[in-house]
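# Descriptive structure summary
One letter stands for each residue in the lines below.
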Amino acid sequence: MRFSLLAALALLTVGCSEQTAAQDENAPVKILTSQMYVTVRNDSGAPLNEVSVAIVPVGRQTVYNKFIGRLENSEARNVMLGEFYGRDGTPFSLRVVKPRSVELKGKDVKGQAYATEVAWR
C-alpha cells in the first residue's frame, strides 16, 4: 500500500510539473503555456507581421499584452510571463492574476489575418 501511494504521488508530481495548454496539431499558429513562458509558433507557411500576444485573466479585468512584431515561418518564440504588461504598465504575475486564456493576433505578408485563443492550463 505504501508503494502504491508513493507511485501515485510521484505520477501526480510529474503530471503537474509541466502543465501546458496545446491546440490542434494542424493549427497555423500554435500557443503553448507553461509556468514561466508563453511559446508561440508560426506554422502558417508565411511570415506574420504585427503579432501581438495577450494573456486574458478570468473576468477580463486587465488584459496583459506583449507586442512581438514579426514572426517568421516555422519560428517559435518564448515570451517570459514578466514581459506581459497591462495598459497601465502593471507587469503580469501568476501570483496575483489567474489567467483564463492566451490570444494571438497577427497578419501574414499577404494581408490575411490570424487570430487564435487557447485556454490556460
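Heads up: these notes are all about the structure in this document. As a convention, each chain's residues are numbered from 1 in the sequence order in which they are written. Note on the predicted model: pLDDT of at least 70 is required for a residue's local features to be given, and 80 or more for side-chain atom pairs to be given and counted; whole-chain, interface and lining totals, by contrast, use all residues. Remark: hydrogens and water are excluded; side-chain values derive from all non-hydrogen atoms of the structure.

To describe a pair of aromatic rings, one takes the distance between the centres and the angle between the planes. Pairing of aromatic rings covers Phe, Tyr and Trp, the last through its six-membered ring, and needs centres within 6.5 Å; plane angles under 30 degrees mean stacked, over 60 mean edge-to-face, and all others mean tilted. All chains considered together, the criterion is met by 2 aromatic pairs. Taking the centre distance of 5.3 Å and the plane angle of 70° together, the rings of Tyr64 and Phe92 count as edge-to-face. Residue Tyr64 is located in strand β4 (residues 64-71), and its partner Phe92 is located in the loop between β5 (76-80) and β6 (99-108); the two are separated by 28 residues in the primary sequence. Summarising the burial analysis for this pair, Tyr64 and Phe92 share the class buried. Here the aromatic rings of Phe92 and Trp120 are separated by 6.5 Å at their centres, their planes lie at 50°, and the arrangement is tilted. Of this pair, Phe92 sits in the loop between β5 and β6 while Trp120 is found in the segment after β7 (113-119), placing the two residues 28 residues apart along the sequence. Neither Phe92 nor Trp120 differs from the other in exposure class; each is buried. By the criteria applied, helices consist of DSSP H or I runs no shorter than four residues and strands consist of E runs no shorter than two, each listed in order from the N terminus. Classification of residues uses two cut-offs on accessible area relative to the type maximum, computed with a 1.4 Å probe and protein chains only: under 20% is buried, over 50% is exposed, and between them is partly exposed.

Next up on the list: the pairing of strand β3 (residues 48-57). Counting buried residues in β3 gives 7 out of 10 residues, a clear majority hidden from the surface. DSSP calls a pair of strands paired once it identifies at least 2 bridges connecting them. In sequence, β3 turns back onto β4 through a hairpin of 6 residues, with Gly59 there showing a positive phi of about 90°. Two strands pair when backbone bridges link them, and β3 and β6 are joined in this way by 8 bridges, in the antiparallel orientation. Bridging from a neighbouring strand, Val56 pairs with Ser101 of β6.

Whenever a carboxyl oxygen of Asp or Glu lies within 4 Å of a side-chain nitrogen of Lys or Arg, that contact is scored as a salt bridge. Under the criterion given, the structure shown has 6 salt bridges. Ionic pairing is found between Arg100 and Glu117, a salt bridge with its closest N-O pair at 3.4 Å. In this pair, Arg100 is assigned in strand β6 and Glu117 in strand β7, connecting sequence segments 17 residues apart. Relative accessible area serves as the criterion here: at 36%, Arg100 is assigned to the partly exposed category.

As a further point, take the sheet that holds β5. Backbone-to-backbone hydrogen bonds join strands into a sheet, with any given pair of strands oriented parallel or antiparallel. Ordered in space as β1-β2-β5, the 3 strands form an open sheet in which the pairing is antiparallel. The sheet is open, and its two edges are formed by β1 (29-33) and β5, each paired on a single side. Averaged over all neighbouring strand pairs, the angle between strand axes comes to 20°, with direction disregarded. Pairing of β1 with strand β2 (residues 37-42) involves 5 bridges; the strand directions are antiparallel. When the sheet's bridge partners are listed, Val29 is paired in β2 with Asn42. Each axis is a line fitted through C-alpha atoms, taken for helices only over the stretch in contact, and angles between the N-to-C directions span 0 to 180 degrees.

If you trace the 4 strands from one edge of the open sheet to the other, you get β4-β3-β6-β7, paired in antiparallel fashion. Both outer strands of the open sheet, β4 and β7, are each paired with one neighbouring strand and no more. Direction aside, the axes of adjacent strands within the sheet are offset by 15° on average. Of the strand pairs in this sheet, β6 and β7 are connected by 7 bridges, and their pairing is antiparallel. Looking across to β7, one finds that Lys107 is bridged to Ala113.

Purely geometric stuff here, so don't read any function into it on its own.
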